[in-house]
Amino acid sequence: MGEVEPTDYTETLDALKRRVRDARFTLQRRANAELVALYWHIGDTILRKQKTSGWGTGVVARLAKDLQAEFPTMRGFSRSNLFSMRAFAAAWPERNGIVQQPVGQLPWTHIVQLLEKLDDQALREWYAGKDVQHAWSRAVLVHQIRTGLHERDAAAPSNFAAALTRSDSDLAQQLTKDPYTMGFLGVDADITEREFEDRLTRRIVDTLRELGSGFAFIGRQHHIEVDGDDFYIDLLFFHVEQLRYIVFELKTRKFDPRDAGQLGFYVALVDDRLRLPDRHAPTVGILLVAEKNETVVRYSLAGTSKPMAVSRYELSAAEQAALPAEDTLTRLAAEVADTTTEPPPEVP
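My aim in this report is to walk through the structure given alongside it, one point at a time. (Residues numbered from 1 in each chain as written. Predicted model: local features only at pLDDT ≥ 70, side-chain atom pairs only at ≥ 80, totals over all residues. Heavy atoms only, no water.)

### Here we look at helix α5 (residues 108-117)
In terms of burial, α5 is largely enclosed, as 7 of its 10 residues are buried. Among the residues of α5, Trp108, His110, Ile111, Val112, Gln113, Leu114 and Leu115 are the ones counted as buried. Against the buried residues of α5 lie α1 (9-52), α3 (79-91), α6 (121-134) and α7 (138-146). (Buried < 20%, exposed > 50% of the residue type's maximum accessible area, 1.4 Å probe, protein only. Helix = DSSP H or I, 4+ residues; strand = E, 2+ residues; numbered from the N terminus. Contact = heavy atoms within 4.5 Å.)

Listed below in structure tokens is the structure:
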């Protein structure tokens, strides 16, 4: 007769699994910190030797070969990587500062991207902080640098300050960008609907990446009935960090004041029918438009109490001309999201 499983076995196993995962994560962070510190030391040594002993590029190349020969199983001692280490030490000259700053928590490949793609030290530190805060992958970091996130982050005009509490307004504003960069779709002027759908399918990861971290797709054409009248919300998201619903509306034309009324209506519906007031932050709406008159947007947002923002999405002239009708675009985007994301977990 087999041994009876203790009643607390499953609970104990789950606790030990969490402990093992936490320990592995801590070890990985420590190992990464040691590697970053080592690379900084090598870079700083090269810098000093170049100043005091006249080391040139040939000596650095020789150093790379000798280190590779001595440590054949270690990667990272290529000539180009040694020059990256030198640039690293030059950009962050204080050894103790590396440990205390966000850059010291980043993987080396992320640091190399900061060095290669940015010349401004303040921007390097800004992106390093965002990288640590949102746990970006290297591809996300490169995308955010390439599309100039620092110029777009939390920049969309909104009425959040008037419609929400001050602390919540600041949080909600962090969800917005202006403009959203959609040029990665790379559509052509003569693209067909099917080709556009295929393009969205292949690049949906980039689309979600551009929205930002924490966005979970809830559904498309979300149906809400109001006393016998049917309404369908194009795209509905939930932000897992801020615990709030986000209604996205896409317009392939210039902003019209009536758009604010429609979006405000949808925000009110979600707030009343889906949001749990004791657990969820207020619902917000984000309207994406092809272009906008900032003054018209400001007056329109002042006329509603529902929290919403208006952002422009950026496409080339050829890409803009190739877009299908608004309802087709919205449907295609939603269908792609349906086929490329797992069913969302139950919203807390």
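More follows now that the structure is in view.
### Side note on the nonpolar core
In this structure, Leu82, Phe88, Ile111, Leu114 and Tyr127 are the most contacted members of the largest nonpolar core, which totals 32 residues. Mapped onto this core, the elements with two or more residues apiece are α1, α2 (57-70), α3, α5, α6 and α7. Looking at which element gives the most residues to this core, the answer is α1, with 6 residues. Grouped together as the second largest cluster of nonpolar side chains are 19 residues, Ile233, Val267, Val289 and Met308 included. (Core = buried A, V, L, I, M, F, W, Y, C linked by side-chain atoms within 4.5 Å.)

### A closer look at unusual backbone geometry
Within the chain, Asp227 stands out as a residue other than glycine whose phi angle is a positive 50°. Tracing the sequence through the fold places Asp227 in the loop between β2 (215-226) and β3 (229-239). Using a relative accessible area of 79% as the deciding quantity, one classes Asp227 as exposed.

### Observations concerning the packing of α5 against α7
Two numbers describe how α5 lies on α7: the axes approach to 10 Å, and their chain directions differ by 15°. Here α5 lies roughly parallel to α7, going by the angle between them. The handedness of the crossing between α5 and α7 comes out as right-handed. Across the interface between the two elements, Thr109, His110, Gln113, Leu114 and Lys117 from α5 touch Arg138, Leu141, Val142 and Ile145 from α7. Tallied by class, residues from the contact of α5 with α7 come to 4 nonpolar, 3 polar and 2 charged. (Axes fitted to C-alpha atoms, helices over the stretch in contact; angles between N-to-C directions. Parallel < 35°, antiparallel > 145°, perpendicular 65-115°, else oblique. Left-handed = near helix turned anticlockwise from the far one by under 90°. Nonpolar A, V, L, I, M, F, W, Y, C, P; charged D, E, K, R; others polar.)

### Quick look at the side chain of Asp271
Along the chain, Asp271 turns up in helix α13 (residues 257-273). At a separation of 2.9 Å, a polar atom in the side chain of Asp271 contacts the side chain of Thr283. The residues touching Asp271, leaving out its near neighbours within four places in the chain, are Pro282 and Thr283. (Polar contact = N/O pair within 3.5 Å; in protein donor to acceptor, adjacent residues only side chain to side chain.)

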